[in-house]
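Here are the chains, one letter per residue:
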Amino acid sequence: QVQVVESGGGLVQPGGSLRLSCAASGIIFSDYDMGWYVQGPGPDRDMVARISSDGSANYANSVKGRFTISRDNAKNTVYLQMNSLKPEDTAVYYCRASQSRPYLNWYWGQGTQVSVSS
């Protein structure tokens, strides 16, 4: 069965750093795009960062220059290095594994809490 499990969240002071990890199993990891999302005010989640199966990365404007997404296909793991954290970064961060070919398919993790506070 497919599992997507986040870790690494916690409480940090403004200006601090965290590294989130997301380990996926039960999928061909190298074929999947991976991303980090936060819950918006409505039902939709907002993309923070994503990295494609070929390694191309995209970021929300609010985190550009501060966050870095990377993946280690040998470990079936995607990371989010979060630097210069701000209180507005506080959220539950969800990991998603997705593919569109040969068919549309995606899996969500349960999330990990990031709290940035003095």
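Everything here concerns the structure above.
Residues numbered from 1 in each chain as written. Predicted model: local features only at pLDDT ≥ 70, side-chain atom pairs only at ≥ 80, totals over all residues. Heavy atoms only, no water.

A. Summary view of unusual backbone geometry. Residue Arg101 is joined to Pro102 through a cis peptide bond whose omega torsion reads 10°. Within the secondary structure, Pro102 is located in the loop between strand S9 (91-99) and strand S10 (105-108). The backbone phi angle of Asn76 is positive, close to 50°, even though this residue is not glycine. Inspection of the secondary structure assignment puts Asn76 in the loop between strand S7 (67-72) and strand S8 (77-82). Residue classification places Asn76 among the partly exposed residues on the basis of a relative accessible area of 24%. Unusually for a residue other than glycine, Ser84 sits at a positive phi of about 50°. Note on placement: Ser84 falls in the loop between S8 and S9. We classify Ser84 as partly exposed; its relative accessible area is 40%. (Helix = DSSP H or I, 4+ residues; strand = E, 2+ residues; numbered from the N terminus. Buried < 20%, exposed > 50% of the residue type's maximum accessible area, 1.4 Å probe, protein only.)

B. A look at the pattern of salt bridges. Per the stated rule, a full pass over the model turns up one salt bridge. Note that Arg66 is salt-bridged to Asp89, the shortest N-O span being 2.8 Å. Residue Arg66 is found in the loop between strand S6 (57-59) and S7, and its partner Asp89 is found in the loop between S8 and S9; the two are separated by 23 residues along the sequence. Judged by its relative accessible area of 10%, Arg66 is buried. For Asp89, a relative accessible area of 6% gives the class buried. (Salt bridge = Lys/Arg side-chain N within 4 Å of Asp/Glu carboxyl O.)

C. Examining the nonpolar core more closely. With 29 residues, the main nonpolar core has Met34, Trp36, Leu80, Met82 and Tyr93 as its most contacted residues. Of all the elements in the fold, those that place two or more residues in this core are strand S3 (18-25), strand S4 (33-39), strand S5 (45-51), S7, S8, S9 and strand S11 (112-116). Discounting residues that sit within four places of it in the chain, Tyr93 has contacts with Glu6, Leu20, Trp36, Tyr37, Val38, Val48, Phe67, Leu80, Met82, Gly111, Thr112 and Val114. (Core = buried A, V, L, I, M, F, W, Y, C linked by side-chain atoms within 4.5 Å. Contact = heavy atoms within 4.5 Å.)

D. Summary view of the packing of aromatic side chains. Per the stated rule, a full pass over the model turns up two aromatic pairs. Between Tyr32 and Tyr107, the ring centres sit 6.4 Å apart and the planes meet at 40°, which makes this aromatic pair tilted. With Tyr32 in the loop between S3 and S4 and Tyr107 in strand S10, this pair connects stretches of sequence that are 75 residues apart. Owing to a relative accessible area of 25%, Tyr107 belongs among the partly exposed residues under this scheme. When the centroid spacing of 5.2 Å and the interplanar angle of 75° are considered together, the rings of Tyr37 and Trp108 count as edge-to-face. A residue pair is termed long-range when its members are at least 10 positions apart, and Tyr37 in strand S4 and Trp108 in strand S10 qualify at 71 residues. We classify Tyr37 as buried; its relative accessible area is 7%. Overall, the relative accessible area of 31% leaves Trp108 in the partly exposed class. (Phe/Tyr/Trp six-rings, centres within 6.5 Å; stacked < 30°, edge-to-face > 60°.)

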